[in-house]
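As a plain string of letters, each chain reads:
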Amino acid sequence: MRIVVLTGGIGGARFLLGVRAHARDIGADVTAIVNVGDDVRMHGLQICPDLDSVMYTLGGAADPERGWGRVGESWVVKEELAKYGVEPSWFGLGDKDTATHLVRTTMLNAGYPLSAVTAALCERWQPGIEMIPASDDRLETHVVVDVDGERKAIHFQEWWVRHRGEVPTHRFVFRGAESAKPAAGVLEAIAGADVVLVAPSNPVVSIAPILAVPALKDAVSNGPAPVVGISPIIGGAPVRGMADKCLATLDVEVSAAGVGRMYGPRAEGGLLDGWLVDTSDAAAQVPGVRTRAVPLWMKDETLTARMVADALELAR
Ligand code: GDP
Ligand code: CA
């Protein structure tokens, strides 16, 4: 069996721990197609937050408390940059993490596509699944905001890390998406999949930028494999993170049903055949989509693997 997962960073990475565990039990192959909209160049380094969250988490090297970056991290480079007074000073750049960005940027500068760079980095981390960026082309999520009385588009990282999402926000723009092509291996993975799972990742800034790549969206919506999503919203709130702020910007109700309706039924050009919601949201209705309520708290790998088994069951 071949399982494809569309995923963002931290929430998606936790989900993938469960996917990997269940896949080992049933002898399935897993391919994660990872959001690149958060990617940004800072201090000359190409930083891929969601790819790194997935890689470090599955490689057993993520910091469980902070949620992102490496466990046992130190911050000498960041402190030294601050002493030079160079911006951006608000971005967390760990020393161990910096080595990853140096390897990545060197390979990109030498002409390797991001998908090949990611595969090379994964030789060290052995995530146990195949990881592919959604696109090898430049695709960045920008946010149209009002700052200091001026309307402008800022990078998603600046919106979230610097402003904590607490500035008047008008919309999200996926720069470069219209002309972006799926990365090497993405279309083959989708065409060969027995099921596509949409991780309980942020629907607006993790899943939407993946689907903003036209040929990728087309392959998922019109492909042979059933698509089952897992709600990142439980009882009207995101478990962690800023999905509520993002959904509010789009005027989408912050609920399992609201996100399910936003994704929409695949039969009508949307994304989903099935939608897993938490038991506390059992009343959620999404017209045209098979909905099932099971526990969706990813408290540990065993519970998450159970969730994955439920998603595969719904796909059948
Ligand atoms: P990011 O890219 O690092 O922001 O991470 P993702 O987009 O992959 O995941 C963020 C989402 O994960 C948030 O919207 C949370 O609601 C969701 N999430 C985190 N923990 C859980 C959990 O235990 N259960 C469910 N259902 N969703 C979760
Ligand atoms: Ca992210």
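Residues numbered from 1 in each chain as written. Chains lettered and ligands numbered in written order. Predicted model: local features only at pLDDT ≥ 70, side-chain atom pairs only at ≥ 80, totals over all residues. Heavy atoms only, no water.

> Sorry if this is basic, but what is going on with the overall build of the protein chain here?
A count of helices and strands for the protein chain gives 12 helices and 14 strands. In terms of overall size, the protein chain behaves like a compact globule, its C-alpha atoms giving a radius of gyration of 19 Å where 316 residues would be expected to give roughly 20 Å. For the protein chain, the residues scored as buried account for 57% of the 316 residues in total. Restricting the contact set of the protein chain to residue pairs at least 6 apart, pairs at least 24 apart contribute 69%. (Helix = DSSP H or I, 4+ residues; strand = E, 2+ residues; numbered from the N terminus. Rg over C-alpha atoms; globule rule 2.2 N^0.38 Å. Buried < 20%, exposed > 50% of the residue type's maximum accessible area, 1.4 Å probe, protein only. Contact = heavy atoms within 4.5 Å.)

> Honestly, the packing of aromatic side chains in this entry has me stumped. Any pointers?
For any two aromatic rings, the description comes down to two numbers: the centre-to-centre distance and the angle of the planes. Counted by the stated rule, this structure contains seven aromatic pairs. With centroids separated by 6.0 Å and ring planes inclined at 35°, the aromatic side chains of Phe156 and Trp159 adopt a geometry described as tilted. Of this pair, Phe156 and Trp159 both sit in helix α6 (residues 156-162), three residues apart, which is roughly one turn of that helix. Among the residues examined, Phe156 registers a relative accessible area of 2% and is labelled buried. Aromatic side chains Tyr263 and Trp275 sit 5.7 Å apart centroid to centroid with 85° between the ring planes, which places their arrangement in the edge-to-face category. Taken as a pair, Tyr263 in helix α11 (residues 256-263) and Trp275 in strand β13 (residues 274-277) lie far apart in primary sequence, 12 residues in all. Comparing Tyr263 with Trp275 shows no difference in burial state: the two are buried. (Phe/Tyr/Trp six-rings, centres within 6.5 Å; stacked < 30°, edge-to-face > 60°.)

> I'm lost on the pairing of strand β9 (residues 195-198) in this one. Help?
Regular strands show a simple pattern: their side chains alternate between the two faces of the sheet. Of the two faces of β9, the one lined by Val195 and Leu197 and the one lined by Val196 and Val198 are each fully buried. Relative to β9, strand β1 (residues 2-7) runs parallel, the two sharing four bridges. Paired with Leu6 across the two strands is Val198, which belongs to β9. Inspection of the sheet shows β9 paired to strand β10 (residues 227-230) by three bridges, in the parallel sense. In the strand pairing of β10, Val196 is matched with Val227. (Pairing = 2+ DSSP bridges.)

> When you look at the coordination of the calcium ion (ligand 2) in this model, what are you seeing that I'm missing?
Six octahedral donors around a metal ideally subtend angles of 90 or 180 degrees, whereas four tetrahedral donors ideally subtend 109.5 degrees. The coordination sphere of the calcium ion (ligand 2) contains the protein donors Asp38 (OD), Asp50 (OD) and Asp50 (OD), at a distance range of 2.1 to 2.7 Å. With a gap of 12 residues between them, Asp38 in the loop between β2 (29-34) and β3 (40-42) and Asp50 in helix α2 (residues 49-58) connect regions that are remote in the sequence. (Donors = N, O, S within 2.8 Å, 3.2 Å for Na, K, Ca; no water.)

> How should I be thinking about the site of ligand 1 in this particular structure?
Of all residues adjacent to ligand 1, which total 20 residues, the nearest are Ile10, Ser201, Ser206, Pro232 and Leu296. Between ligand 1 and the protein, one listed contact pairs an oxygen atom with a backbone N or O atom of Gly11 at 3.2 Å. Note that an oxygen atom of ligand 1 is positioned 2.7 Å from one of the backbone N or O atoms of Pro232. Its free accessible area being 590 Å², ligand 1 has 92% of it covered by the protein chains. Sort the elements by how many residues they give to the shell around ligand 1 and helix α1 (residues 10-26) lands first, with three residues. Grouping the constituent residues of the shell around ligand 1 by class yields 10 nonpolar, eight polar and two charged. (Near = heavy atom within 4 Å. Polar contact = N/O pair within 3.5 Å; in protein donor to acceptor, adjacent residues only side chain to side chain. Areas by Shrake-Rupley, 256 points an atom, 1.4 Å probe, with all protein chains shown as cover. Nonpolar A, V, L, I, M, F, W, Y, C, P; charged D, E, K, R; others polar.)

> Help me out: how do you make sense of the side chain of Asp50 in this one?
Here Asp50 sits buried without a salt bridge, and the closest side chain of opposite charge, Arg104, lies 10 Å off (N-O distance). Within the structure, the side chain of Asp50 is placed 2.9 Å from the side chain of Asn35, a separation counted as a polar contact. With sequence-adjacent residues up to four places away left out, Asp50 is seen in contact with Gly8, Gly9, Val34, Asn35, Asp38 and Ser206. (Lys, Arg positive; Asp, Glu negative; His and termini not counted. Salt bridge = Lys/Arg side-chain N within 4 Å of Asp/Glu carboxyl O.)

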